[in-house]
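Coordinates in review
The primary structure of each chain is shown beneath.
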Amino acid sequence: MIYYKDRVFLPIKRKNVEFVHYTVSSANCLTECHTSAMLSILVVCLLAGSQLAAGDDSCQIGTSFTGLDMTKYVGTWYELFRTPNSDEEDFTNCEYDKYTLDENGVIQVTSVAYTNSTRGFITSTGTVPSWTENTFDIAYGDDETWSSTYFMVGTDYQTYSIVAGCLDNDYSRHLYWIASHGTSFDDATKAKVNEVLAPYNLSLDDMEPVDQSYCVQYKSE
């Protein structure tokens, strides 16, 4: 997962929920009732007149994963498979995110990708300012526009990681990125990843593989 100024990725926003209260005229509800009945009717009227307004600009991905610890997630995660999408077609032959814990306890992120159009590498740096039981935020320092919230679908912190998010304004389409500390999966890890993806009606067969052969070239530069 990597976000750049020349791409059309949009940040995944948290759902902000706002209560909108309406005043209910006493003439409509408060009739010739005893005091206790009047209070009961008032409560019912206020509840009926209240409306829960939720924004449509949010990405919600159900995940059963819990207990995310980003301090255990540090290391280099090579993107081995991803949901096919036109915005990442130019990213080939190397794409990874490197998470490190600095001396102040802040998780730093360096995202690297090789692009066919430029025949070179592009890099974006940022931090992980916060995380929950199954989500984490990335704030890229060079452009906050592309800072996003990601959903952890599954990880064992060693051999595989499955992260999900949304692209553009289409919050009904969920994208998945499958990564590893290595540049390939063995059969046992593939089976485990498919097991985690199964409840989402997905498998690695639905993903496109991402070659990592140029990553060595970037590290040597």
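So, here's what we can say about the structure. No experiment lies behind these values; they were computed from the predicted model shown.

A large share of strand β3 (residues 75-82) lies buried, amounting to seven of its eight residues. Here β3 runs beside strand β4 (residues 91-101); their pairing, made up of four bridges, is antiparallel. Bridged to tryptophan 77 within β4 is aspartate 97. The sheet contact formed by β3 and strand β10 (residues 170-180) spans four bridges and is antiparallel. Bridging from a neighbouring strand, phenylalanine 81 pairs with isoleucine 178 of β10.

Judged by nonpolar contacts, the single largest core of 26 residues is most densely connected at Ile162, Tyr176, Ile178 and Val193. Listing elements by their share of this core, those giving two or more residues are β3, β4, β5 (107-115), β8 (148-155), β9 (161-167), β10 and α3 (187-197). Filtering out sequence-adjacent residues up to four positions away, valine 193 remains in contact with Tyr160, Ile162, Ile178, Phe185 and Leu204. Judged by nonpolar contacts, the second largest core, of 17 residues, contains Trp77, Tyr99, Val128 and Val163.

The next thing to look at is α3. Among the residues making up α3, those that are buried are Thr189, Val193, Val196 and Leu197. Summarising the axial view, the buried residues of α3 lie within an arc of 100°, below the 170-degree limit, and thus occupy one face. Exposed and oriented more than 90 degrees from the buried face of α3 are Asp187, Ala188 and Glu195.

This part takes up the pattern of salt bridges. As enumerated under the stated definition, the model contains four salt bridges in all. When the shortest N-O distance is used, the salt bridge between glutamate 79 and arginine 82 registers 3.2 Å. Through salt bridges with shared partners, a single ionic network connects Glu79, Arg82, Glu95 and Glu208.

Quick look at the state of the cysteines now. In this structure the tally under the stated criterion is two disulfides. The disulfide bridge from cysteine 59 ends at cysteine 166, spanning 1.9 Å between sulfur atoms. Handedness of the cysteine 59-cysteine 166 disulfide follows from its S-S torsion of about 70°: it is right-handed. In this pair, cysteine 59 sits in the loop between β2 (51-54) and β3 while cysteine 166 sits in strand β9, placing the two residues 107 residues apart along the sequence. The exposure class of cysteine 59 is buried, given its relative accessible area of 1%. In this structure cysteine 166 comes out as buried when scored by relative accessible area, which is 1%. A disulfide bridge connects cysteine 94 with cysteine 215, and the sulfur atoms are separated by 2.1 Å. Note on the cysteine 94 and cysteine 215 pair: the S-S dihedral is about 110°, so by sign convention the disulfide is right-handed. Of this pair, cysteine 94 sits in strand β4 while cysteine 215 sits in helix α4 (residues 215-220), and the two are 121 residues apart along the sequence. Note on cysteine 215: relative accessible area 2%, which makes it buried.

Reading the values: rules and limits
Residues numbered from 1 in each chain as written. Predicted model: local features only at pLDDT ≥ 70, side-chain atom pairs only at ≥ 80, totals over all residues. Heavy atoms only, no water. Buried < 20%, exposed > 50% of the residue type's maximum accessible area, 1.4 Å probe, protein only. Helix = DSSP H or I, 4+ residues; strand = E, 2+ residues; numbered from the N terminus. Pairing = 2+ DSSP bridges. Core = buried A, V, L, I, M, F, W, Y, C linked by side-chain atoms within 4.5 Å. Contact = heavy atoms within 4.5 Å. Arc of directions from axis to C-beta. Salt bridge = Lys/Arg side-chain N within 4 Å of Asp/Glu carboxyl O. Disulfide = S-S within 2.5 Å.

Fair warning: the whole summary comes from geometry, so function is off the table for now.
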